[in-house]
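Each chain, letter by letter, is given below.
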Amino acid sequence: MKKLIDKLSLNHRLDRDELALLIDGRNEELAEYLFQKARETRHRHYGHDIFVRGLIEISNCCQNDCLYCGIRRSNHKATRYRLTIDEILECCSAGYQLGFRTFVLQGGEDLSFTDDKIVALIREIKQRFPDCAVTLSIGEKSHESYLRYFEAGADRYLLRHETANAAHYAQLHPAEMSHARRMDCLRSLKAIGYQTGTGFMVGSPFQTTDNIVEDLLFMADFKPEMVGIGPFIPHHDTPFAQQPGGTVELTLYLLAIIRLLLPKVLLPATTALGTIDPDGREKGILAGANVIMPNLSPQSVRQKYMIYDNKLSSGLESAEYLNSLKEAMESIGYQIVESRGDALR
Ligand code: 5AD
């Protein structure tokens, strides 16, 4: 098995059967070996730098009804909110002063954020903070819309593929959503020139090892500049309330495999990982991750962006604690840098 890991870190590629073997045959000792290789690869390209992104959750209103998500349309218990343009700009301003040079505008698919509004918002942020990158994470849109945002100055776009298997996609989403459309969106984003991010939940309901292997092969082929993975965490007001959550252990293992498949990828230790393990962020970094996305949303809405139960938005997860986060990262030998942190291509 160590031979497989050596092969992966040398060639950045394994075939279907090898990946399945590596995942199903994992144990603690192999994981340690894998993490070490992932760190070596990460250090080669990004040294010990960690990039931070200020995450602004602009709206929890959503027209979609993804079965796993706490802000799905059918969850009538969710208290809905939407930030104003001015509130968003204030978040950016506070973030800029803290040292953030990337702002991630994330939200449900909220049609009252029209394209005109989004374009105006991107222009305003880029004008006020010309040295900052803007990342959008606002779901599936038309090619034309993606193009307009890009021309307005948006640099990056996050849209997880959720699962590379169409049948599995259909188990996680309502019938009106389609795997093909998701893939079209991802291809549009890439073709337009965005640094494009994709990803999936670890341990999502009905996920098999084969599904994970397909996810990995899809990503190796698509070559996203960013990949977001985190454990599935059930939300009590969704159809998946009773489903088991994903594990820290498998998430870390997959982070390391992804680092080796895509050596230069921007790979966050996600909030979901920090939510199920208080040391999740540090462990993620030590498994090959190189990005952290603290929450920069106004305090008043943080408890409302509950895509899963107990989602962290305070302590080290919040932008105000950047200094504590810096200390935590220094204690494991890494440093947070104040830069846009673009993907190396
Ligand atoms: N647990 C973990 N991650 C979730 N997401 C949505 N709901 C959950 C959940 N219950 C993830 C999805 C989505 C991203 C914004 O958050 O992968 O793409």
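Just above sits the structure.
What counts as what
In this convention, every chain numbers its residues from 1, walking through the sequence in written order. With the structure being a predicted model, the display of local features is reserved for residues of pLDDT at least 70 and the display and counting of side-chain atom pairs for 80 or more, all residues being used for whole-chain, interface and lining totals. The basis for the side-chain values is all heavy atoms of the structure; hydrogens and waters are excluded. Helix and strand definitions follow DSSP, with helices as H or I runs of at least four residues and strands as E runs of at least two, each counted in order from the N terminus. Burial classification: accessible surface area is computed with a 1.4 Å probe over protein chains only, and a residue below 20% of its type maximum counts as buried, one above 50% as exposed, and the rest as partly exposed. Any pair of N or O atoms that falls within 3.5 Å is considered a polar contact. Within protein, one atom must be able to donate a hydrogen and the other to accept it, and sequence-neighbouring residues count only if both atoms are side-chain atoms. Between the rings of Phe, Tyr and Trp (Trp by its six-membered ring), a pair exists once the centres lie within 6.5 Å; its type follows the angle of the planes, with under 30 degrees stacked, over 60 edge-to-face, and the other angles tilted. The rule for a charge over a ring is simple: NZ of Lys or CZ of Arg within 6 Å of the ring centre, and within 35 degrees of the ring normal. An expected span of 1.5 Å times one less than the residue number is assigned to each helix. By definition in these notes, contact holds between two residues if any of their heavy atoms fall within 4.5 Å. Strand pairing is assigned whenever DSSP detects at least two bridges linking the two strands. Angles shown run from 0 to 180 degrees and are taken between the N-to-C directions of axes, each axis being a line fitted to C-alpha atoms and, for helices, limited to the stretch in contact. One heavy atom within 4 Å of a molecule or strand is enough for the residue carrying it to be called near that molecule or strand. Note on areas: Shrake-Rupley with a 1.4 Å probe; residue coverage comes only from the protein chains shown. Under the scheme applied, nonpolar residues are Ala, Val, Leu, Ile, Met, Phe, Trp, Tyr, Cys and Pro; charged residues are Asp, Glu, Lys and Arg; polar residues are all the others, including Gly. For crossovers, right-handed means that the path from the first strand over the helix to the second runs clockwise, given strands pointing away from the viewer.

## Thoughts on the environment of S74
In step 1: As for its placement among the helices and strands, S74 is situated in the loop between β2 (54-59) and α4 (85-98).
In step 2: S74 sits in the partly exposed class, given a relative accessible area of 32%.
In step 3: In this structure the side chain of S74 is engaged in a polar contact, spanning 2.6 Å, whose partner is the side chain of D65.

## Section: the packing of aromatic side chains
In step 1: Evaluation of the coordinates by the stated rule reveals 9 aromatic pairs.
In step 2: Between Y46 and F51, the ring centres sit 5.8 Å apart and the planes meet at 90 degrees, which makes this aromatic pair edge-to-face. The exposure classification of Y46 matches that of F51, with both residues buried.
In step 3: Between F218 and F222 the ring centres are 5.4 Å apart and the planes differ by 20 degrees, which places this aromatic pair in the stacked class. Of this pair, F218 and F222 both sit in helix α9 (residues 209-222), 4 residues apart, roughly one helical turn. For the residue pair F218 and F222, the accessibility class agrees, reading buried in each case.
In step 4: Here the basic side chain of R101 rests over the ring of Y96, its NZ or CZ set 3.5 Å away from the ring centre.

## A look at helix α3 (residues 28-46)
In step 1: Compared with the 27 Å implied by 1.5 Å per residue over 19 residues, the 26 Å span of α3 between its first and last C-alpha is a close match.
In step 2: Within α3, the full set of buried residues consists of L30, A31, Y33, L34, F35, K37, A38, R39, T41, R42 and Y46.
In step 3: Looking at the packing, one finds that the buried side of α3 touches α1 (2-11), β1 (49-52), α10 (248-261) and α12 (280-286).
In step 4: Capping of α3 at its N-terminal end is provided by N27; its side-chain oxygen lies 3.1 Å from the backbone amide nitrogen of E29.
In step 5: Immediately downstream of α3, the backbone of G47 shows phi near 55 degrees, a positive value.

## Observations concerning the sheet that holds strand β8 (residues 291-292)
In step 1: An order of β8-β1-β9 is seen for the 3 strands of this open sheet, with the pairing classed as parallel. Bordering the open sheet on either side are β8 and β9 (335-337), each of which pairs with just one other strand.
In step 2: Strand contacts of helix α14 (residues 322-330): β1, β8 and β9, with the helix running at about 135 degrees to β9, the strand carrying the most contacts.

## Side note on the environment of L19
In step 1: Relative to the assigned elements, L19 resides in helix α2 (residues 16-24).
In step 2: Considering only alpha carbons, one finds L19 and I5, 14 residues apart in sequence, at a separation of 9.7 Å.
In step 3: Beyond its immediate chain neighbours, meaning those up to four positions away, L19 contacts L14, V213, L216, L217 and I257.

## Examining unusual backbone geometry
In step 1: A positive phi angle, near 55 degrees, is found at H12, a position not held by glycine.
In step 2: Take H12: it is sitting in the loop between α1 and α2.
In step 3: Unlike most non-glycine residues, F206 shows phi in positive territory, near 70 degrees.
In step 4: By the secondary structure assignment, F206 is in the loop between β6 (195-202) and α9.

## Section: the site of the ligand
In step 1: Taken together, Y68, C69, R160, E162, M201, P231, F232, I233, I307 and Y308 are the residues near the ligand.
In step 2: Note that a nitrogen atom of the ligand is positioned 3.5 Å from one of the backbone N or O atoms of I307.
In step 3: For the ligand, the protein covers 86% of the area, taking 410 Å² as the surface of the free molecule.
In step 4: Within the shell around the ligand, the residues separate by chemical class into 8 nonpolar, no polar and 2 charged.

## Remarks on the sheet that holds strand β3 (residues 102-107)
In a beta sheet, neighbouring strands are held together by backbone hydrogen bonds and run either parallel or antiparallel to one another.
In step 1: Strand order across the open sheet formed by 6 strands is β2-β3-β4-β5-β6-β7, with parallel pairing between neighbours. The open sheet is flanked by β2 and β7 (226-231), the only strands paired with a single partner. Put simply, the sheet's adjacent strands are angled 20 degrees from each other on average, direction ignored.
In step 2: Sheet topology note: the β3/strand β4 (residues 133-137) ladder contains 5 bridges and is parallel. Across the sheet, the residue bridging to T102 is A133, located in β4.
In step 3: Contacts from α9 reach β6 and β7 within the one sheet, and its direction differs from that of β6 by about 175 degrees.

## Things to note about the pairing of β6
In step 1: Along β6, 8 of the 8 residues are buried, which leaves the element largely enclosed by surrounding structure.
In step 2: Bridge count for strand β5 (residues 156-158) against β6 is 3 bridges, and the pairing is parallel. Paired with R156 across the two strands is Q195, which belongs to β6.
In step 3: Two strands pair when backbone bridges link them, and β6 and β7 are joined in this way by 6 bridges, in the parallel orientation. Bridged to G199 within β7 is G228.
In step 4: Each parallel crossover has a hand, and the one from β6 via α9 to β7 is right-handed.

These figures come from the coordinates and say nothing about function on their own.
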